[in-house]
Amino acid sequence: MKLFKFFLVGIFFGIALSKGEVVSWFRIYEMFRFDAFHMYGIIGSAVVLGALITWFIKRTSMKSVEGSLIKFTPKKFSIPRYLVGGTFFGLGWAMVGACPGPMYILVGKGFFTIFIVIIGAIIGTMIYGVLRPKLPH
Amino acid sequence: MTEFINSVIYEPWPWYLVGPAIAITLFLLLYFGREFGVSASLRATCAAIGGGKISSFFDFDWKSQKWNFVFVFGTVVGGTVSSLFMNSKGAVDIAESTKEALIGMGMTNPGSDYLPTQLFTYENLGIGTILFLLIGGVLVGFGARYAGGCTSGHAISGLSNLQLPSLIAVIGFFIGGLTMTYFLLPVIFSWVL
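Computed from a predicted model, the values in this text were never measured in an experiment. (Residues numbered from 1 in each chain as written. Chains lettered and ligands numbered in written order. Predicted model: local features only at pLDDT ≥ 70, side-chain atom pairs only at ≥ 80, totals over all residues. Heavy atoms only, no water.)

1. Here we look at the layout of surface pockets
Counted as a void, the largest pocket has a volume near 1,100 Å³. Considering the residues around the largest pocket, the lining is formed by 45 residues, among which Thr73(A), Lys75(A), Glu35(B), Ala40(B) and Gly148(B) are closest to the centre. Among the secondary structure elements, those contributing two or more residues to the lining of the largest pocket are α4 (80-96) of chain A together with α2 (15-31), α3 (40-48), α4 (66-85) and α8 (151-160) of chain B. Sort the elements by how many residues they give to the lining of the largest pocket and α8(B) lands first, with 5 residues. (1 Å grid on protein atoms, 1.4 Å probe; cavity = no way out; pocket = protein on both sides within 12 Å on 5 of 7 lines; lining within 4 Å. Points joined across faces, edges and corners; volume = space filled by probe spheres on them. Helix = DSSP H or I, 4+ residues; strand = E, 2+ residues; numbered from the N terminus.)

2. Some thoughts on the state of the cysteines
This structure, assessed with the given rule, holds 0 disulfides over all chains. Cysteine Cys150(B) is unpaired, with the sulfur of Cys99(A) as its nearest cysteine sulfur at 6.1 Å. Here Cys150(B) falls in the buried class, since its relative accessible area comes to 2%. (Disulfide = S-S within 2.5 Å. Buried < 20%, exposed > 50% of the residue type's maximum accessible area, 1.4 Å probe, protein only.)

3. A few points about unusual backbone geometry
The phi dihedral of Glu21(A) is positive, around 65°, even though this residue is not glycine. Position of Glu21(A) among the secondary structure elements: in the loop between α1 (4-19) and α2 (25-32). Of note, Leu162(B) is a non-glycine position whose phi angle comes to about 50°, a positive value. Looking at the element boundaries, Leu162(B) is found in the loop between α8 and α9 (164-192). Using a relative accessible area of 72% as the deciding quantity, one classes Leu162(B) as exposed.

4. Re empty space enclosed by the protein
For the structure on display, the rule yields 2 cavities of 30 Å³ or more. The wall of the largest cavity is formed by 17 residues, among which Leu17(A), Val22(A), Cys99(A), Ile22(B) and Thr151(B) lie closest to the centre. Breaking the lining of the largest cavity down by element, the ones donating at least two residues are α1, α3 (38-59) and α5 (100-108) of chain A together with α8 of chain B. Taken together, the residues that form the lining of the largest cavity break down as 14 nonpolar, 3 polar and no charged. Residue lining of the second largest cavity: Phe26(A), Met107(B), Thr108(B), Asn109(B), Ser112(B), Asp113(B), Leu115(B), Pro116(B), Thr117(B) and Gln118(B), and that is the complete set. A breakdown of the residues in the lining of the second largest cavity according to their chemical character gives 4 nonpolar, 5 polar and 1 charged. (Nonpolar A, V, L, I, M, F, W, Y, C, P; charged D, E, K, R; others polar.)

In structure tokens:
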């Protein structure tokens, strides 16, 4: 039961991104061409509401279901790490039209060739782990 | 009311339903004491398959991410449920200008399914498409870990928490995405499609 709630939230998230066509390669391509508002509306409204939620949680010192204070890990400042890492990510995102969340959802939708992308993403993560000491952070 | 419920079940969702649904996901995970970040599951996978032997980056207790694997499994089931019972399949109503651009690069029937059939169906799988999907995946995995997060960790959680690093990462997402869309895909598609 402790883990089951994450399964239910996952189902909800999977349905939302699927019904919203966020998992569609075409929606991502359309977004990068600035041809439609759809994806910007989704990310924009999620961030505005998310910011309100985050502010509210901090403001009220809300506790998690486990009873501890909900905490947010601040991200350590760096420019090259986020800019260069982000650029690599963006190149891949625009190519395969899926970020990690949608990759998994597409498996559930029966697009099994997406496994090639997932295997690639695991290899990419491995490559980062190996090169990490040599990369500027 | 029935009409609304029917449209939620059987019609594609407009942006103003999807955005709030993502925010609710963010809230629920925070309330359950976790931080929303799907690509962390990729790092945990590397740790679970013995990556700790080749890099100390994967030498951590991946079981602390068990909840993320359960969440991810839920998203897979959510994808199945939406396809089987909620009519989430077939044509995607993308902009005409998007279709024209894709047709101009040699893509047939853009938007007739969720994914381009020339890239993602078994019949069209060849050395070109396999390399395309694999390299794209490598870039996503490498970039997400280098940047310390993907769309959920940076664009949603990070921006919601007003983190400057996340804004820099999102700018990076767009530098890469625009470069791929405008300069590289036209060349790559001339080989692959």
